[in-house]
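Listed here are the chains, written in short residue letters.
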Amino acid sequence: SERTPAVTRDFSKGGLLLCTTEKLDSRIDDFLLLEIKLPKQDMKDYIQQHPITVSGKIARIESQGADNLYGIEFVNLQNDAIQSINTAVDFYNKTH
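Report follows, based on the coordinates. (Residues numbered from 1 in each chain as written. Predicted model: local features only at pLDDT ≥ 70, side-chain atom pairs only at ≥ 80, totals over all residues. Heavy atoms only, no water.)

**Some details on the environment of H50**
Okay, step 1: Along the polypeptide, H50 turns up in the loop between α1 (43-48) and β4 (52-64).
Okay, step 2: Judged by its relative accessible area of 73%, H50 is exposed.
Okay, step 3: The spatial distance from the C-alpha of H50 to the C-alpha of L38 is 9.0 Å, given a sequence separation of 12 residues. (Helix = DSSP H or I, 4+ residues; strand = E, 2+ residues; numbered from the N terminus. Buried < 20%, exposed > 50% of the residue type's maximum accessible area, 1.4 Å probe, protein only.)

**Comments concerning the packing of aromatic side chains**
Okay, step 1: Taken as a whole, this structure holds 1 aromatic pair when the rule is applied.
Okay, step 2: A cation over a ring is seen here: K37 above Y46, with NZ or CZ 5.7 Å from the ring centre. (Phe/Tyr/Trp six-rings, centres within 6.5 Å; stacked < 30°, edge-to-face > 60°. Lys NZ or Arg CZ within 6 Å of the ring centre and 35° of its normal.)

**Looking at the environment of K44**
Okay, step 1: Here K44 is to be found in helix α1.
Okay, step 2: Take K44: its relative accessible area is 54%, and that puts it in the exposed class.
Okay, step 3: Spatially, the C-alpha atom of K44 lies 28 Å from that of G14, the residues being 30 residues apart in sequence.

**Remarks on the layout of surface pockets**
Okay, step 1: When its volume is computed, the largest pocket comes out at roughly 900 Å³.
Okay, step 2: Considering the residues around the largest pocket, the lining is formed by 23 residues, among which T4, A6, L33, L34 and E35 are closest to the centre.
Okay, step 3: Mapped onto the lining of the largest pocket, the elements with two or more residues apiece are β1 (7-11), β2 (15-20) and β3 (31-36).
Okay, step 4: When residues of the lining of the largest pocket are assigned to their parent elements, the largest contribution, 5 residues, is made by β3.
Okay, step 5: Looking at side-chain class alone, the lining of the largest pocket contains 14 nonpolar, 4 polar and 5 charged residues. (1 Å grid on protein atoms, 1.4 Å probe; cavity = no way out; pocket = protein on both sides within 12 Å on 5 of 7 lines; lining within 4 Å. Points joined across faces, edges and corners; volume = space filled by probe spheres on them. Nonpolar A, V, L, I, M, F, W, Y, C, P; charged D, E, K, R; others polar.)

**A few points about the side chain of N68**
Okay, step 1: Note on placement: N68 falls in strand β5 (residues 67-75).
Okay, step 2: A polar contact is formed between the side chain of N68 and the backbone oxygen of T21, at a distance of 3.3 Å.
Okay, step 3: Only 3.4 Å separates the side chain of N68 from the backbone oxygen of E22, close enough to count as a polar contact.
Okay, step 4: Ignoring any residue separated from it by four or fewer positions in sequence, one finds N68 in contact with L18, C19, T20, T21, E22, K23, E62 and S63. (Polar contact = N/O pair within 3.5 Å; in protein donor to acceptor, adjacent residues only side chain to side chain. Contact = heavy atoms within 4.5 Å.)

**A look at the nonpolar core**
Okay, step 1: With 18 residues, the main nonpolar core has L16, L34, I36, V54 and I72 as its most contacted residues.
Okay, step 2: No other element matches helix α2 (residues 79-95), which puts 4 residues into this core.
Okay, step 3: Contact partners of I72, with chain neighbours within four places excluded, come to G14, G15, L16, L18, L32, L34, G56, K57 and I58. (Core = buried A, V, L, I, M, F, W, Y, C linked by side-chain atoms within 4.5 Å.)

Next up, the structure:
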C-alpha cells in the first residue's frame, strides 16, 4: 500500500485527473485506492479534515513536462462518498 502525494487538475462526479511528479507503478485498467481531501472555504478546515477513501480505475495515462497525469474513473462508490464528491463538484463550480 504505497502512498503517493498528488493533486487533482479536473474533478467531476465521474472521476478526476490525478497529477503527480512521481510515476505510479500502474497501468490503464489498474485499480487505485484514493484518499481525497475535499475542498473547504477555510484552509484550517481543509488541513484538519479526514480524507474520504474511494476506489478508482485508471482510464488514461500521459506525461506533461515533469508531471505524470492519470485519468481516474470512480468505481463502486458508496452513498456517502457520492454525496461528498457531489458537494466538492458544486464547490468547484461556484468558485470558477
